[in-house]
Amino acid sequence: MARQSKYPEEFRRRAAALVLDSGRTIRDVGRELGVNHETLRNWVAQLRQERDGGQPGDLAADERAELLRLRRQVAQLELEKEILEKLRSSSHARRSGEPD
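So, a few notes on the structure that sits alongside this text. (Residues numbered from 1 in each chain as written. Predicted model: local features only at pLDDT ≥ 70, side-chain atom pairs only at ≥ 80, totals over all residues. Heavy atoms only, no water.)

A look at the overall build of the protein chain
Short version of the rule: Only DSSP runs of H or I covering at least 4 residues are called helices, and only runs of E covering at least 2 are called strands; the numbering of each starts at the N terminus. Using a 1.4 Å probe on the protein chains alone, a residue whose accessible area is under 20% of its type maximum counts as buried, one over 50% counts as exposed, and one in between counts as partly exposed. Here, two residues are considered to be in contact whenever any of their heavy atoms come within 4.5 Å of each other. All accessible-area figures derive from a Shrake-Rupley calculation using a 1.4 Å probe, and residue coverage is judged against the displayed protein chains alone.
From N to C terminus, the protein chain includes four helices and zero strands. Looking at the protein chain as a whole, 19% of its 100 residues qualify as buried. Residue pairs in contact within the protein chain that sit at least 24 positions apart in sequence constitute 46% of those at least 6 positions apart. As displayed, the protein chain has an accessible area near 8,400 Å², and 51% of this comes from carbon and sulfur atoms.

Printed below as a string of structure tokens:
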């Protein structure tokens, strides 16, 4: 059975929202409110999960889109690199008189 928190639910939610919405650090907000920073970190993770609608380790929608874009870009660059290496290799072979 989970231990009941000494902080009311509304206080926990507002403290977590303060961190997420203000851009301030968890330590700063925790110090100001008199809450251990690790406790506040848990509240922030819980609120972030609720806002994102996913699991704690899941990426946010914009992070997922950025990751997908970067993966496509890496694939494109790898393809271009492979093509350039083949061109350089065949060019070198022609100059040295070696067959392709």
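Past the structure itself, the notes keep going.
Digging into the pattern of salt bridges
Applicable threshold: We count a salt bridge whenever a side-chain nitrogen from Lys or Arg sits within 4 Å of a carboxyl oxygen from Asp or Glu.
Scanning the entire structure with this criterion turns up nine salt bridges. With a shortest N-O distance of 2.5 Å, Glu32 and Arg24 are connected by a salt bridge. Relative accessible area serves as the criterion here: at 32%, Arg24 is assigned to the partly exposed category.

Some remarks on the environment of Phe11
Tracing the sequence through the fold places Phe11 in helix 1 (residues 9-22). Sequence-wise, Phe11 and Leu33 are 22 residues apart; in three dimensions their C-alpha atoms are separated by 9.9 Å. Filtering out sequence-adjacent residues up to four positions away, Phe11 remains in contact with Leu33, Val35 and Trp43.

A look at the nonpolar core
Applied cut-off: The criterion is simple. A nonpolar core is a set of buried Ala, Val, Leu, Ile, Met, Phe, Trp, Tyr and Cys residues joined through side-chain atoms within 4.5 Å.
Counting 12 residues, the largest nonpolar core consists of Tyr7, Ala15, Ala16, Ala17, Val19, Ile26, Val29, Val35, Leu40, Trp43, Val44 and Leu47. Going through the elements one at a time, helix 1, helix 2 (26-33) and helix 3 (37-52) are the ones with two or more residues in this core. What Val29 contacts, discounting residues up to four positions off in sequence, is Ala15, Leu18, Val19, Arg24 and Leu40.

Considering the side chain of His37
To keep things clear, this is the line we draw: Polar contact is the term for a pair of N or O atoms within 3.5 Å; when the atoms are in protein, one must be able to donate a hydrogen and the other to accept it, and sequence-neighboring residues count only if both atoms are side-chain atoms.
Inspection of the secondary structure puts His37 in helix 3. Within the structure, the side chain of His37 is placed 3.3 Å from the side chain of Arg27, a separation counted as a polar contact. Other than its neighbours up to four places away in sequence, His37 contacts Ile26 and Arg27.

Quick word on the packing of aromatic side chains
Formally: Each pair of aromatic rings taken from Phe, Tyr and Trp, with Trp reduced to its six-membered ring, is defined by centres within 6.5 Å and is described as stacked if the planes are under 30 degrees apart, edge-to-face if over 60, and tilted in the remaining cases.
With the rule as written, the count across this model stands at three aromatic pairs. Where Tyr7 meets Phe11, the ring centres are 5.5 Å apart and the plane angle is 15°; that geometry is what we call stacked. Note on Tyr7: relative accessible area 18%, which makes it buried. You can call Phe11 partly exposed: its relative accessible area is 29%. Ring geometry for Tyr7 versus Trp43: centroids 5.2 Å apart, planes at 75°, classification edge-to-face. Here Tyr7, found in the segment before helix 1, pairs with Trp43, found in helix 3; they are 36 residues apart in sequence, far enough to count as distant. On the basis of relative accessibility, which here comes to 10%, the residue Trp43 falls in the buried class.

By themselves, these figures tell us nothing about what the structure is for.
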